[in-house]
Amino acid sequence: MGIQIQNISKQFGNYTALDQIDLTVPSGELVALLGPSGSGKTTLLRIIAGLETPDTGTIHFDGEETTQRKVRERQVGFVFQHYALFRHMTVFDNIAFGMTVKPRAERPGKAQISARVHELLGLIQLDNLVDRYPAQLSGGQRQRVALARALATEPKVLLLDEPFGALDAKVRQELRRWLRKLHDEIHVTSVFVTHDQEEALEVADRVVVMNQAKVEQVGTPEEVYDRPANPFVYGFLGNVNLFHCRGNESGGQHGESTFPVDSDGVNIGYVRPGDIRILRRAESAADIAAEVIFIQGAGALPRVELRRVDNGETVHAELPREQYRQLALKIGEQVYIQPTNIRVFVPDYQI
Amino acid sequence: MIAIKQRGVLPGFGLAMGFTILYLSLIVLIPLSSLLFKTATLSWVDFWGTVASARVLASFRLTFGAALIAALINGVFGLLVAWVLVRYKIPGKRIIDALVDLPFALPTAVAGITLAGLYSSNGWIGRFIEPLGLKIAYTPLGIMVAMTFIGIPFVVRTVQPVLEDLEKELEEAAACLGANRWQTFVRVIFPAITPALLTGFALAYARAIGEYGSVIFIAGNMPMVSEITPLLIITKLEQYDYAGATAIASVMLLFSFLILLSINLVQWWSRRHAER
């Protein structure tokens, strides 16, 4: 079930939450709405669910307009950040809820409901907790129950609002891998909201980067990470170093990289910390002398902070462990850095 | 036992426990036991003759019955008031909110006289109701009116905070799962506020059982018809029949205790899901 979002706008008083959003979610995909808080991503999700009404625009599920349809008739599964489990019901009753509130004619029999609940319990790997109350579960378990509850009625669309936001780092990582696996098994069209770029890149088939009520870029995780459309997307998807570069009319040059420049011959180059090479000796005139000011050796990618000798700007670098060991850097040492894979965005003069 | 072994954040379990027992003894247990001691000066036959006399039994039926109905009315309408106060933006909400507490603050005699005036045959409300063949003042109905009046704040004030804390997301989750509004209320909201509602109900009931001041002005106080038990106790006291008064009082106390205990048990059952 694909979702077509056309020209959706939403204001809260003077505050614009969404500004003419167009977006298509292909059937069966897992799409992440990624953006900083206040970018309108949760509002968009709630409009898809019908929990919020848009000021303008339409929502279609597979070409069928649902903009005016009530929440309970849209057949969406919604997972809330804080689970929103029914506290007075057991895990079983929570998952069965959606089936038991169906009109009598459509309601499955007791045996069918029980079978479906146990099937879902198997899926969320919590078979043994069927009689527990939500208060007796851990955060991760609660969120899995919430997900099973949302899936119980076989929704056309699954919507998740920061589903792992309230969990600790370890559980979070486990659950998002599990969600990815689960989606590969059941293939329900899913949209989830997150402000965590790692989560979006790891889990989603497609990432929608949002900022200030607008969509900045839509693409696969590789696309948005490797070919960001603009400086915002570049900066939001990872850490970044800025290099102010000068060039002539025909283009700028920095080491081996060439890039376009504006009319003043100035541009900003964006470089990821992982694309900074650290050298003991300068290899070319373009290499920048810098002093090591901070080293964080723990973790998968050791981080080094350097201060440029020429203008005092700080540069962040990340390097593989092996290279880190070979270099054996010490604080206060002078080295050379070589920015590679420089990204430049041509300023938009239409504004 | 566990409470002693575990070291809490705040020290002084022993001291706090000792003080609590001493305090409750002074304030509650000793007065109540003196009541029982006084009752015990009666012989069994005299005791039974007093508490099982037709007039006393009629007053028990009236007091507990009227209080039950009043508490039920308060349970329904108190919930409604709390709901409106929490859920809707209405002009003058703060004032309505403050009005709810007035029955707490008003001297009960003032409430009684005012209600009696309103519902009597030439009162503001009574003059419209009486032609319909319904007499409220000076009948058991009037007693229920007074008991309802003094009981309403208990329900509103216990349910209100729980409703305020109820996450909006629960209702949204229910709606997404296909529940209609009635199903959402009955299956999601109501169970969540049941414990608070029961507490409010129990408090309103207890208050109505013991209510004296506001009731006697509107009750008419006719023996066998509209005479409440607290009035009967006062009557006995005025006749210097202290033992008789305490005998009635201790039976009343016993019933009240049993009723409150059973409500507490129901409440405990309704909270079973909160255990951790």
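The notes below deal with the structure included here.

The rules we used
- Residues numbered from 1 in each chain as written.
- Chains lettered and ligands numbered in written order.
- Predicted model: local features only at pLDDT ≥ 70, side-chain atom pairs only at ≥ 80, totals over all residues.
- Heavy atoms only, no water.
- Helix = DSSP H or I, 4+ residues; strand = E, 2+ residues; numbered from the N terminus.
- Buried < 20%, exposed > 50% of the residue type's maximum accessible area, 1.4 Å probe, protein only.
- Contact = heavy atoms within 4.5 Å.
- Lys, Arg positive; Asp, Glu negative; His and termini not counted.
- Charge placed at Lys NZ, Arg CZ, Asp CG, Glu CD.
- Pairing = 2+ DSSP bridges.
- Axes fitted to C-alpha atoms, helices over the stretch in contact; angles between N-to-C directions.
- Salt bridge = Lys/Arg side-chain N within 4 Å of Asp/Glu carboxyl O.
- Buried area = accessible area lost by both parts, 1.4 Å probe.
- Polar contact = N/O pair within 3.5 Å; in protein donor to acceptor, adjacent residues only side chain to side chain.
- Nonpolar A, V, L, I, M, F, W, Y, C, P; charged D, E, K, R; others polar.

**Observations regarding the overall build of chain B**
Here's step 1: Scanning chain B from N- to C-terminus turns up 13 helices and zero strands.
Here's step 2: Dimensions of chain B along its principal axes, counting C-alpha atoms only, are 65 × 65 × 30 Å.
Here's step 3: Among the 276 residues that make up chain B, the fraction classed as buried is 42%.
Here's step 4: Long-range pairs, those at least 24 residues apart, make up 74% of the contacts in chain B with a sequence separation of at least 6.
Here's step 5: Positive and negative side-chain charges in chain B, numbering 20 and 15 respectively, have mean positions lying 3 Å apart.

**Re the sheet that holds strand β18 (residues 314–318) of chain A**
Residues and elements named next belong to chain A.
Here's step 1: One open sheet accounts for five strands, arranged β15-β19-β16-β17-β18; its pairing is antiparallel. On the outer flanks of this sheet lie β15 (276–279) and β18, each paired with one strand and no other. Sheet twist, expressed as the mean angle between neighbouring strand axes with direction ignored, is 45 degrees.
Here's step 2: Examined bridge by bridge, strand β17 (residues 303–308) and β18 share five bridges and lie antiparallel to one another. Bridge assignment links leucine 306 to a residue of β18, and that residue is valine 315.

**Quick look at the sheet that holds strand β2 (residues 15–25) of chain A**
Residues and elements named next belong to chain A.
Here's step 1: One open sheet accounts for four strands, arranged β2-β1-β4-β5; its pairing is antiparallel. Each of the sheet's edge strands pairs with one partner strand only, and the pair in question is β2 and β5 (64–65).
Here's step 2: Pairing of strand β4 (residues 56–61) with β5, which is carried by two bridges, proceeds in the antiparallel orientation. The residue of β5 that forms the bridge with phenylalanine 61 is glutamate 64.
Here's step 3: Contacts from helix α1 (residues 41–49) reach β1 (3–12), β2 and β4, with the element oriented near 120 degrees to β1.

**Things to note about the pattern of salt bridges**
Here's step 1: Here the structure, examined in full by the defined rule, presents 27 salt bridges over all chains.
Here's step 2: Glutamate 199 of chain A is paired through a salt bridge with arginine 172 of chain A; the nearest N and O atoms lie 3.6 Å apart. Here glutamate 199 of chain A is found in helix α6 (residues 197–203), whereas its partner arginine 172 of chain A is found in helix α5 (residues 169–186), with 27 residues between them in sequence.
Here's step 3: Exposure remark for glutamate 199 of chain A: the relative accessible area of 1% places this residue in the buried category.
Here's step 4: According to the relative accessible area criterion, arginine 172 of chain A is buried, its value standing at 16%.
Here's step 5: Where aspartate 97 of chain B meets arginine 157 of chain B, a salt bridge forms, and the shortest distance between an N and an O atom there is 3.3 Å. Of this pair, aspartate 97 of chain B sits in helix α5 (residues 93–105) while arginine 157 of chain B sits in helix α8 (residues 140–165), placing them 60 residues apart in sequence.
Here's step 6: Linked by salt bridges that have partners in common, Arg172, Arg176, Arg177, Asp196, Glu198, Glu199 and Glu202 of chain A make up one network.

**Focus on the interface of chain B and chain A**
Here's step 1: The interface of chain B with chain A comprises 22 residues on the first partner and 25 residues on the second.
Here's step 2: For the chain B and chain A pair, buried surface summed over both sides reaches about 2300 Å², with 59% attributable to carbon and sulfur atoms.
Here's step 3: In this structure, the connection of chain B to chain A is made through two salt bridges.
Here's step 4: Glutamate 172 of chain B is the salt-bridge partner of arginine 46 of chain A, the closest N and O atoms lying 2.7 Å from each other.
Here's step 5: Between the two partners, chain B and chain A, sit five residue pairs in polar contact (both at pLDDT 80 or more).
Here's step 6: Elements that contribute at least two residues to the side of chain B that touches chain A include exactly α9 (168–176) and α10 (181–210) of chain B.
Here's step 7: If you tally residues by element for the side of chain B that touches chain A, the top one is α9 of chain B, at seven residues.
Here's step 8: Here the side of chain B that touches chain A is built from residues that sort into 11 nonpolar, four polar and seven charged.

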